[in-house]
Amino acid sequence: MTNFGDEEGARFGLACVGSRLAAGQLTPGKARLLHDQDGVSLPRAMEEAGHDPDAVGPDPERLARIGAFVELHVEQGRALDIGGDPVGVASAIWPHGRWRFDFRGEANHAGTTRLEDRRDPMPTYAETVLAARREAELAGGLATFGKVAVEPNGVNAIPSLVRGWLDSRAADQDTLDTLVGAVERAAREHAEKAGIDLDVVRESFTPVVEFRHALRDEIRRVLDHRGPRGSGRAVPVLGTGAGHDAGILSASVPTAMLFVRNPTGVSHSPAEHADEDDCVAGVLALADVLEGLACS
């Protein structure tokens, strides 16, 4: 069993830090430059947690010993629940990334500055949030502004800076490029009309990961053959919009993913839930897959 640190990447702004380091996709030098929003560096955080930051880095020898990496995960959605299946196999991870939008205006007093005299970046940011939702619906992708920072962040102050982070994902690269491009164009149009300066920076990006068909098909064959352990039905194949360590490692070793049914469809929330029977079905499926791969 393998554990990688910081798969979600919420604190330091980069997902899958542990697997990226192990696979050599993130150099130790760049990792040392990562900071959280409070200015704490990754090395300092590691030291405070009792780990040695000088020990991080690629591990090609260990990766070379891996015949296949199979990740078991609760589904982050409701596809399995809708289909009535306890376990599924991943087909691909959608391309996804994070973009920072910096809207710069002019700080001023909220109680004395006339509306027509303001260079307030907040309405421009709000228009961009709405544009992201519209463009995502048109493109058939996902676009979310889930994090925002405001300066000076006072109740009675017009902001000088509104910084928002866009998370966008789509089933293919062309759709993602179209979606993010449309959001940026809308933001620039609104910013120009309001006299707001705008900078857009791509902070992270992960291209589409198409899991190897041969491994995926072998896993399906194993699980379909041993159907009585599960539902007795053909195991469904589904894509996912969430990033995973398996996606990072796919460039180095054969990887695959198994999903367990999530009846709530909720993820990254205390409301996320999987029934015990489904969790057991997932563990048994993983055991069957590992045994089948070892014997093939």
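Anything mentioned here points back to the structure above.
Here we summarise the structure given alongside this text. (Residues numbered from 1 in each chain as written. Predicted model: local features only at pLDDT ≥ 70, side-chain atom pairs only at ≥ 80, totals over all residues. Heavy atoms only, no water.)

## Description of the pairing of strand β7 (residues 161–169)
Phase 1: Among the nine residues of β7, eight are classified as buried, and the element is accordingly described as predominantly covered.
Phase 2: Note: strand β3 (residues 96–104) against β7, nine bridges, orientation antiparallel. In the sheet register, Trp 99 faces β7, and the bridge partner there is Leu 166. (Buried < 20%, exposed > 50% of the residue type's maximum accessible area, 1.4 Å probe, protein only. Helix = DSSP H or I, 4+ residues; strand = E, 2+ residues; numbered from the N terminus. Pairing = 2+ DSSP bridges.)

## Quick look at unusual backbone geometry
Phase 1: Cis geometry is found at the peptide bond from Glu 151 to Pro 152, where omega equals 5°.
Phase 2: Note on placement: Pro 152 falls in the loop between β5 (142–151) and β6 (157–158).
Phase 3: One non-glycine residue with positive phi stands out, namely Asn 153, at about 65°.
Phase 4: Assignment of secondary structure puts Asn 153 in the loop between β5 and β6.
Phase 5: Classification of Asn 153 by relative accessible area gives exposed; the value is 61%.
Phase 6: One non-glycine residue, His 268, adopts positive backbone phi at about 60°.
Phase 7: Structurally, His 268 can be placed in the loop between β11 (255–260) and α10 (276–295).
Phase 8: Under the relative-accessibility criterion, His 268 is labelled exposed at 60%.

## With respect to the sheet that holds β5
The strands making up a sheet are joined through hydrogen bonds of the backbone, oriented either antiparallel or parallel.
Phase 1: Pairing is antiparallel across the open sheet formed by four strands, whose spatial order is β5-β7-β3-β8. Both outer strands of the open sheet, β5 and β8 (197–206), are each paired with one neighbouring strand and no more. Averaged over all pairs of adjacent strands, the angle between strand axes in this sheet comes to 20°, irrespective of strand direction.
Phase 2: Here β3 pairs with β8 via nine bridges, running antiparallel. Across the sheet, residue Phe 103 finds its bridge partner in β8, namely Leu 198.
Phase 3: Helix-sheet contacts for helix α6 (residues 121–139) involve β3, β5 and β7, and the interaxial angle to β5 is about 170°. (Axes fitted to C-alpha atoms, helices over the stretch in contact; angles between N-to-C directions. Contact = heavy atoms within 4.5 Å.)

## With respect to the packing of α6 against helix α7 (residues 173–194)
Phase 1: Contact geometry for α6 and α7: axes closest at 9 Å, N-to-C directions at 150°. Between α6 and α7, the angle is such that the two are roughly antiparallel. Relative to α7, α6 is oriented so that their crossing is right-handed. Contacts between α6 and α7 pair Thr 124, Glu 127, Thr 128, Ala 131, Ala 132, Glu 135, Ala 136 and Ala 139 from the former with Thr 175, Leu 179, Ala 182, Val 183, Ala 186, Ala 187, His 190, Ala 191 and Ala 194 from the latter. (Parallel < 35°, antiparallel > 145°, perpendicular 65-115°, else oblique. Left-handed = near helix turned anticlockwise from the far one by under 90°.)

## Digging into empty space enclosed by the protein
Phase 1: Counted by the stated rule, this structure contains two cavities of 30 Å³ or more.
Phase 2: By volume, the second largest cavity amounts to about 40 Å³.
Phase 3: As for the second largest cavity, its lining consists of Leu 21, Ala 31, Arg 32, Leu 42, Pro 43, Met 46, Pro 53 and Val 56.
Phase 4: Of the residues in the lining of the second largest cavity, the class split is seven nonpolar, no polar and one charged. (1 Å grid on protein atoms, 1.4 Å probe; cavity = no way out; pocket = protein on both sides within 12 Å on 5 of 7 lines; lining within 4 Å. Points joined across faces, edges and corners; volume = space filled by probe spheres on them. Nonpolar A, V, L, I, M, F, W, Y, C, P; charged D, E, K, R; others polar.)

## Quick word on the pattern of salt bridges
Phase 1: Inspection of the entire model under this criterion finds 18 salt bridges.
Phase 2: Across the pair Arg 216 and Glu 210 runs a salt bridge, and its minimum N-O distance is 3.9 Å.
Phase 3: Glu 210 sits in the partly exposed class, given a relative accessible area of 47%.
Phase 4: In this structure, a network of salt bridges that share partners links the residues Arg 100, Asp 102, Arg 104, Arg 163 and Glu 203. (Salt bridge = Lys/Arg side-chain N within 4 Å of Asp/Glu carboxyl O.)

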